[in-house]
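Structural description and commentary
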Amino acid sequence: MANKTESLSQFYKNKFDIEPEDLNVEDGFFNVFRIEDWIHAGASSSAYIRRDFYKIMLFRGDNCFHFGDKSVTVTGDTLLFFNPLVPYTSEPLTPDTNGYFCIFKDEFFESNHRLKLKDFDLFNTRTRPVYKLNKKALEEFSRLFEKMLSEKHSEFKYRYELIRNYLGELIYQALKLEPATISVAATDASARITSVFYELLDRQFPIESIHQRFEFRSPKSVADKLSVHVNYLNRAIKKATGKTTSELIFERIVSEAKALLKHTDWNISEIGYALGFGDQAQFNNFFKQQTQQSPSSFRQV
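Some details on the packing of helix 9 (residues 245–263) against helix 11 (residues 280–291)
It is at 11 Å that the axes of helix 9 and helix 11 come closest, and there the two elements cross at 105°. Between helix 9 and helix 11, the interaxial angle falls into the category roughly perpendicular. Between helix 9 and helix 11, the contacting residues are F250, I253, V254, A257, K258 and L261 on the first element and F283, F286, F287, Q290 and T291 on the second. Here the contact of helix 9 with helix 11 is composed, by residue class, of 8 nonpolar, 2 polar and 1 charged.

Points about the sheet that holds strand 7 (residues 77–82)
Two modes of strand pairing occur in sheets, parallel and antiparallel, and in both the strands are linked by backbone hydrogen bonds. Read from one edge to the other, the open sheet built from 5 strands follows the order 2-9-4-7-10, with strand pairing classed as antiparallel. Whereas interior strands pair on both sides, the edge strands pair on one side only; in this sheet they are strand 2 (30–34) and strand 10 (130–132). Going across the sheet, the axis of each strand differs from the next one's by a mean of 10°, ignoring polarity. For strand 2 and strand 9 (residues 98–104), the ladder comprises 5 bridges, and the chain directions are antiparallel. From the neighbouring strand, F30 faces strand 9, where its bridge partner is F104. The sheet strands contacting helix 4 (residues 135–152) are strand 2, strand 4 (54–60), strand 7 and strand 9, and the helix crosses strand 2 at an angle near 120°. Packing against the sheet, helix 5 (residues 159–175) makes contact with strand 2, strand 4, strand 7 and strand 9, and its axis sits at approximately 70° to strand 4.

Concerning the nonpolar core
Here is a general trend for soluble globular proteins: nonpolar side chains tend to be buried in one another's company. Grouped together as the largest cluster of nonpolar side chains are 34 residues, with contacts concentrated most on I56, L79, F104, F123, F145 and M148. Secondary structure elements with two or more residues in this core: strand 2, strand 4, strand 7, strand 9, helix 3 (106–110), helix 4 and helix 5. Ranked by the residues each element gives to this core, the list is headed by helix 5, at 8 residues. Once you skip the residues sitting within four places of it in the chain, F123 turns out to touch Y54, K55, I56, F81, F82, N83, F104, L117 and I171. Within the second largest apolar cluster, 32 residues are counted, among which are L261, I271, A274 and F286.

Here's the deal with helix 4
The end-to-end C-alpha distance of helix 4, which contains 18 residues, comes to 26 Å, matching closely the 26 Å that a straight helix rising 1.5 Å per residue would cover. Every buried residue of helix 4 is listed here: A137, L138, F141, S142, L144, F145, M148, L149, E151 and K152. If you follow the buried residues of helix 4, they end up packed against strand 2, strand 4, strand 7, strand 9 and helix 5.

Some thoughts on empty space enclosed by the protein
Rolling a probe over the atoms, with the probe sized like a water molecule, indicates the empty space that remains. Scanning all chains against the criterion turns up 2 cavities of 30 Å³ or more. Within the lining of the largest cavity, the residues separate by chemical class into 6 nonpolar, 3 polar and 1 charged.

Focus on the sheet that holds strand 5 (residues 63–67)
The sheet built from 3 strands is open, its strands ordered 6-5-8 with antiparallel pairing. Edge positions in the open sheet fall to strand 6 (70–74) and strand 8 (88–90), since each of these has one partner strand only. Geometrically, the sheet is characterised by an average inter-axis angle of 20° between neighbouring strands, direction not taken into account. With 5 bridges joining them, strand 5 and strand 6 adopt antiparallel strand pairing. Directly across from C64, in strand 6, lies its bridge partner T73.

Thresholds, definitions, all that
Residues numbered from 1 in each chain as written. Predicted model: local features only at pLDDT ≥ 70, side-chain atom pairs only at ≥ 80, totals over all residues. Heavy atoms only, no water. Axes fitted to C-alpha atoms, helices over the stretch in contact; angles between N-to-C directions. Helix = DSSP H or I, 4+ residues; strand = E, 2+ residues; numbered from the N terminus. Parallel < 35°, antiparallel > 145°, perpendicular 65-115°, else oblique. Contact = heavy atoms within 4.5 Å. Nonpolar A, V, L, I, M, F, W, Y, C, P; charged D, E, K, R; others polar. Pairing = 2+ DSSP bridges. Core = buried A, V, L, I, M, F, W, Y, C linked by side-chain atoms within 4.5 Å. Buried < 20%, exposed > 50% of the residue type's maximum accessible area, 1.4 Å probe, protein only. Expected span 1.5 Å × (residues − 1). 1 Å grid on protein atoms, 1.4 Å probe; cavity = no way out; pocket = protein on both sides within 12 Å on 5 of 7 lines; lining within 4 Å. Points joined across faces, edges and corners; volume = space filled by probe spheres on them.

These figures capture arrangement, not role.
Okay, structure coming up:
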C-alpha cells in the first residue's frame, strides 16, 4: 500500500464520483453527513491514509479507530477529532452504527474566526482527542450537527455563514470537555522557541514518499535552522516541556516509523531512509533502542 494523502476533491470523486469542477467553492470546503446514511449508501471504511482536510465525528456505537501508531477502542457515544497531519481509519462500520461527521478545510473555519485550527490541541499531532459524551453533551452536539445538516440542504442565501457559526460552536463546546485544550500564546522566550520547534517538526510530516527525507534528527540541526545556539534550544525546550529536544524528536520519529511499518508496503530500508537514517542497520538499532523490538518484529504483530 502506498502512503498518500487524500484531498477533499479526491474524497468526492472516490465516494460520489463528483468531479471538482462540479463543486461550488463552499461545497468544496465543507460537508456534513449522517453516518447511517453513509452506511446505507454502501460506503466502505476509509483507507489508512492522511487527508488534507479536517474531520469531526459524533460516533454512536462500538469500534476501533486507528490514529497514526495508536489504536483507540470506543464504545457508546463519542466525539472524535481528526487532522491532516495524522493518518487514520476505523474498523468496518456495522449496520447499527449511527451518528454524524463533518469534513472541512481550514479556509472554511478561519474565514470567520481569529484563531487558526492548528492553535487548538483538538487538532494537533500530540493528542488524540476522543471524548466520551454524557447524555447532556450528546444532545448538545447532536443538535449542532442537525443544524448544520438542515442548513446544508437549505436554499438560504447565508447558509454557509450559519454553518461556520455552528462549526465554531461545536469546536468551542468541545474545548470545554477538557481544561486547557487550546494552545495559549507563548508568554516567554522558552515557550516561544518551543512553539516554533513544534511547528518546524510538524512541517516535516507526513512522510508521503520514499524519496522524502526527514531533515532534523539532531537538536543541532534544529538549532541551526532556527538560528539559535543548540544549548539555548535545549534549555528552552526542557523548561517548557520537561523533556529534552532529542526525546521529542525521537518520539516523533518513532510514531511515524510505526505508522509507516504498519500501514505501508515500503521495505524497512526505504522507511529508514525517509526518516533520515544512513542505512537499515542504523534505523534498526534506533528503533530497537526506543521500542525494545526490531522494525520487522513490530511489523509482524
